[in-house]
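# Coordinate analysis (summary)
These are the residues of each chain, in order.
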Amino acid sequence: AGFVSRPYLFPPKVAVVRIERHDLVQTVVASGRVETPYRVNIASQVTGTVARIPVEEGQSVKAGDVLIELDDREAKAAMVQAEGAMAEAETRLRQIRDVSLPSAQESLKQAQATLLNVQQSHDREVKLYRSGFATKADLDAAQKDLDVAETQLRSARLQVVSNQAGGSAYVMAQNQLDQAQSALAAARVKFSYTVITAPSDGTLIARNIERGNVAQAGDTLMTLSPVGETRLVLDIDEKNLGSLQVGQQALASADAYPDRTFPAELVYINPYVDPSQGSVTVKLRFPDPPAYLVQDMTVSFDIESGYGHEPDAVG
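About the thresholds
- Residues numbered from 1 in each chain as written.
- Predicted model: local features only at pLDDT ≥ 70, side-chain atom pairs only at ≥ 80, totals over all residues.
- Heavy atoms only, no water.
- Pairing = 2+ DSSP bridges.
- Helix = DSSP H or I, 4+ residues; strand = E, 2+ residues; numbered from the N terminus.
- 1 Å grid on protein atoms, 1.4 Å probe; cavity = no way out; pocket = protein on both sides within 12 Å on 5 of 7 lines; lining within 4 Å.
- Points joined across faces, edges and corners; volume = space filled by probe spheres on them.
- Nonpolar A, V, L, I, M, F, W, Y, C, P; charged D, E, K, R; others polar.
- Axes fitted to C-alpha atoms, helices over the stretch in contact; angles between N-to-C directions.
- Parallel < 35°, antiparallel > 145°, perpendicular 65-115°, else oblique.
- Left-handed = near helix turned anticlockwise from the far one by under 90°.
- pLDDT = per-residue confidence, 0-100.
- Contact = heavy atoms within 4.5 Å.
- Core = buried A, V, L, I, M, F, W, Y, C linked by side-chain atoms within 4.5 Å.
- Buried < 20%, exposed > 50% of the residue type's maximum accessible area, 1.4 Å probe, protein only.

### Some words on the sheet that holds strand 6 (residues 195-197)
- Pairing within the open sheet is antiparallel, and its four strands lie in the order 6-5-3-8. At either margin of the open sheet sits one strand with a lone partner, and together these are strand 6 and strand 8 (214-215).
- In this structure, strand 3 (residues 48-52) lies alongside strand 5 (residues 66-70), joined through two bridges in antiparallel fashion. Within the sheet, the bridge partner assigned to Val50 lies in strand 5 and is Leu70.

### So, the layout of surface pockets
- There is about 330 Å³ of room inside the largest pocket.
- Lining the largest pocket are 17 residues, with Thr203, Ser225, Thr230, Leu293 and Gln295 sitting closest to its centre.
- Contributions of two or more residues to the lining of the largest pocket are made by strand 7 (202-207) and strand 9 (220-226).
- Residues belonging to the lining of the largest pocket are distributed by class as follows: nine nonpolar, eight polar and no charged.
- Each pocket or cavity is described by its volume, and for the second largest pocket that value is around 200 Å³.

### A short note on the packing of helix 2 (residues 73-131) against helix 3 (residues 136-163)
- As a packed pair, helix 2 and helix 3 sit with axes 8 Å apart at the nearest point and diverge in direction by 160°. Taken together, the axis directions place helix 2 and helix 3 in an arrangement best described as roughly antiparallel. The interaxial crossing formed by helix 2 with helix 3 has left-handed handedness.
- Grouping the constituent residues of the contact of helix 2 with helix 3 by class yields 16 nonpolar, 11 polar and six charged.

### As for the confidence of the model for the chain
- For the chain, the average pLDDT comes to 86, and 89% of its residues sit at 70 or higher.
- Low pLDDT, under 50, characterises residues 308-315; the stretch is placed with 11 contacts to residues that sit more than four places away or in other chains.

### What about the nonpolar core?
- One finds Leu232, Ile236, Phe262, Leu284, Leu293 and Phe301 to be the most contacted residues of the largest nonpolar core, which totals 23 residues.
- Mapped onto this core, the elements with two or more residues apiece are strand 1 (23-35), strand 10 (231-237), strand 11 (249-254), strand 12 (262-274), strand 13 (279-285) and strand 14 (298-309).
- Leave out the neighbours within four places in its chain, and Phe301 touches Val28, Val29, Ala30, Ser31, Gly32, Leu232, Leu234, Leu251, Ala252 and Leu284.

If you want it as structure tokens, here you go:
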């Protein structure tokens, strides 16, 4: 009797929930991926064999850190050759300034003094010839000496002008020096291209080269994700475009960590609809990204697109 009457004496407890009226949140659900605002493709500007790669994929680097070193023997030899050519051109120009020009100026002074003496001798021979004390041969010899002295003077003057700044010899030497400087600068730049460094702080998210491979100029060798604001990029069906606007809040969770959620905000809606997919790209950002998020990770989103009212409860 006690066993039969127990359910009546001790009835089971039933949870009671009070029905209330609340706003119904409408959401747009989609999936996307984690991306930085931009990525940097690391490429070589010259073709060369990879000699060393001191970094690994996934490693964080600072601006200026060495990423790849190419075999630099040929570039170094070209730079040494260019340095030699420049040193030779500098020596030539210095020789003109310090040796050739002073020597030409001294030769000019000597030619001027010689011409003065020869001119005086010639004048005496003319007087003697007119007085009958000198022969025609003596006068011709004096004239010949005068012509030679005048020629030497003109040559000395040309040497001085040629070796002065703006003269032909000086300009030629200066042009050779300018060309040597340009060749050396080009050789140094080419040599610097054998060491590829990080353009900014970031994380290496891809590596397409190994030691011993030949790096072709322009080919992407690594991909760097720079330090900066991480965004979430996803494609939304165009039928939901009318429900979206910049500033809307969202709740996101990585597919790898479905039990962890974090808030995000819609910051960009692409004005272009992809006709082949019938979708539009949108981007969301979040102020405090979880540490477990990595590049290209799949993330699901619930974007709050509006509010409605729940119908009145009956009964």
